[in-house]
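Descriptive structure summary
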Amino acid sequence: RSSGITGIAVARNQALLTKAVMVGNGDFNQQMRQLLQHCGVAFDSNDTVSDSWFVVGQQHITQVVTAMERQPDSIPVNCQSSLTRLSLVGAIVSSFTSISNELHLMLDGEGIDVKLSSWSATTLSVWVDEANADKAVRVLHHAFGLNKAQ
């Protein structure tokens, strides 16, 4: 298949932080960025008008939650832990929409719930429960022909 996918990168032990109350994304994003930077915690994030989330290493959750609780005006967050990020790597820009749709359909068809997705010029990433990570990797390897010798 000529999808442009050349490999899959896997990052385990991820945690997703989203706001638990309705507040402006700008306020939430600013507070979370400052807090994570103050704690020295590396993170992935998205801060669009309609969506706002942060992903950190699961090992940092206690530190981040404790720091948040100490903030006088902290915005409550929801936390989903035990996630794995699967990143399809390659030249996918021109076929991003079709690859993204195909990826979601394939994983859904296998009973694997995609918790979050994100993309850049060279990667399409999805976060799934740790318990389904190995199965998801096998499904994606097979679907994109990555299990075949070149």
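The rules behind each value
- Residues numbered from 1 in each chain as written.
- Predicted model: local features only at pLDDT ≥ 70, side-chain atom pairs only at ≥ 80, totals over all residues.
- Heavy atoms only, no water.
- Helix = DSSP H or I, 4+ residues; strand = E, 2+ residues; numbered from the N terminus.
- Buried < 20%, exposed > 50% of the residue type's maximum accessible area, 1.4 Å probe, protein only.
- Contact = heavy atoms within 4.5 Å.
- Areas by Shrake-Rupley, 256 points an atom, 1.4 Å probe, with all protein chains shown as cover.
- Pairing = 2+ DSSP bridges.
- Core = buried A, V, L, I, M, F, W, Y, C linked by side-chain atoms within 4.5 Å.
- Phe/Tyr/Trp six-rings, centres within 6.5 Å; stacked < 30°, edge-to-face > 60°.
- Expected span 1.5 Å × (residues − 1).
- Arc of directions from axis to C-beta.

For the rest of this paragraph, the subject is the overall build of the protein. The secondary structure content of the protein amounts to 4 helices and 6 strands. In the protein, the succession of helices and strands from N to C terminus is β-α-β-β-α-β-α-β-β-α. Expressed as a percentage of its 150 residues, the buried residues of the protein come to 40%. Nonlocal contacts in the protein, meaning residues at least 24 apart in sequence, comprise 73% of its contacts between residues at least 6 apart. Summing over all exposed atoms, the protein offers an accessible surface of approximately 8,200 Å²; the carbon and sulfur share of this is 49%.

Looking along a regular strand, one sees side chains alternate from face to face of the sheet. Burial runs high along strand S3 (residues 52–57): 6 of the 6 residues are buried. Bridge analysis of strand S1 (residues 5–19) against S3 gives 5 bridges, and the strand direction is antiparallel. For Leu16, the partnering residue across the bridge sits in S3 and is Val55.

The next point concerns the environment of Phe96. In this fold, Phe96 is placed in helix H3 (residues 96–109). When the C-alpha atoms of Phe96 and Ser120 are compared, they prove to be 9.6 Å apart, with 24 residues separating the residues in sequence. Excluding anything up to four places from it in sequence, Phe96 contacts Trp119 and Leu124.

Right, let's talk about the nonpolar core for a bit. Of all hydrophobic cores here, the largest spans 21 residues; its most connected members are Leu86, Leu88, Leu103, Leu107, Leu140 and Phe144. Those elements that place two or more of their residues in this core are S1, strand S4 (77–90), H3, strand S6 (123–129) and helix H4 (130–143). Here the element with the most residues in this core is H4; it accounts for 6 residues. Apart from the residues lying within four places of it in its own chain, the contact partners of Leu107 are Ile112, Val114, Val126, Ala136, Val139 and Leu140.

This part takes up the packing of aromatic side chains. One pass over the structure, following the stated rule, counts 3 aromatic pairs. Ring plane angle 75° and centroid distance 5.8 Å describe the contact between Phe28 and Phe54, whose orientation is recorded as edge-to-face. Of the two residues, Phe28 sits in helix H1 (residues 25–39) while Phe54 sits in strand S3, which places them 26 residues apart along the sequence. Judged by its relative accessible area of 0%, Phe28 is buried. We classify Phe54 as buried; its relative accessible area is 0%.

So, on to the side chain of Thr84. Assignment of secondary structure puts Thr84 in strand S4. Overall, Thr84 belongs to the buried group, its relative accessible area being 0%. Ignoring any residue separated from it by four or fewer positions in sequence, one finds Thr84 in contact with Val10, Ala11, Arg12, Val126, Trp127, Val128, Glu130 and Ala133.

Quick look at unusual backbone geometry now. Here Asn13, not a glycine, exhibits a phi torsion of approximately 60°, which is positive. In this structure, Asn13 sits in strand S1. On the accessibility criterion, Asn13 (42% relative accessible area) is partly exposed. The backbone of Ser82 sits at a positive phi, close to 60°, despite the residue not being glycine.

Okay, H3 next. Think of an α-helix as 3.6 residues a turn; residues three or four steps apart then line up on the same face. A rise of 1.5 Å per residue sets the reference length of H3, with its 14 residues, at 20 Å; its end C-alpha atoms lie 20 Å apart and thus fit the reference within 8%. Of all the positions in H3, only Phe96, Ile99, Ser100, Leu103, Met106 and Leu107 are classed as buried. Take H3 and look down its axis: the buried residues cluster within an arc of 135°, on one side only. Exposed and oriented more than 90 degrees from the buried face of H3 are Thr97, Leu105, Asp108 and Gly109. One or two steps after H3, the chain reaches Gly111, where phi turns positive at roughly 80°.

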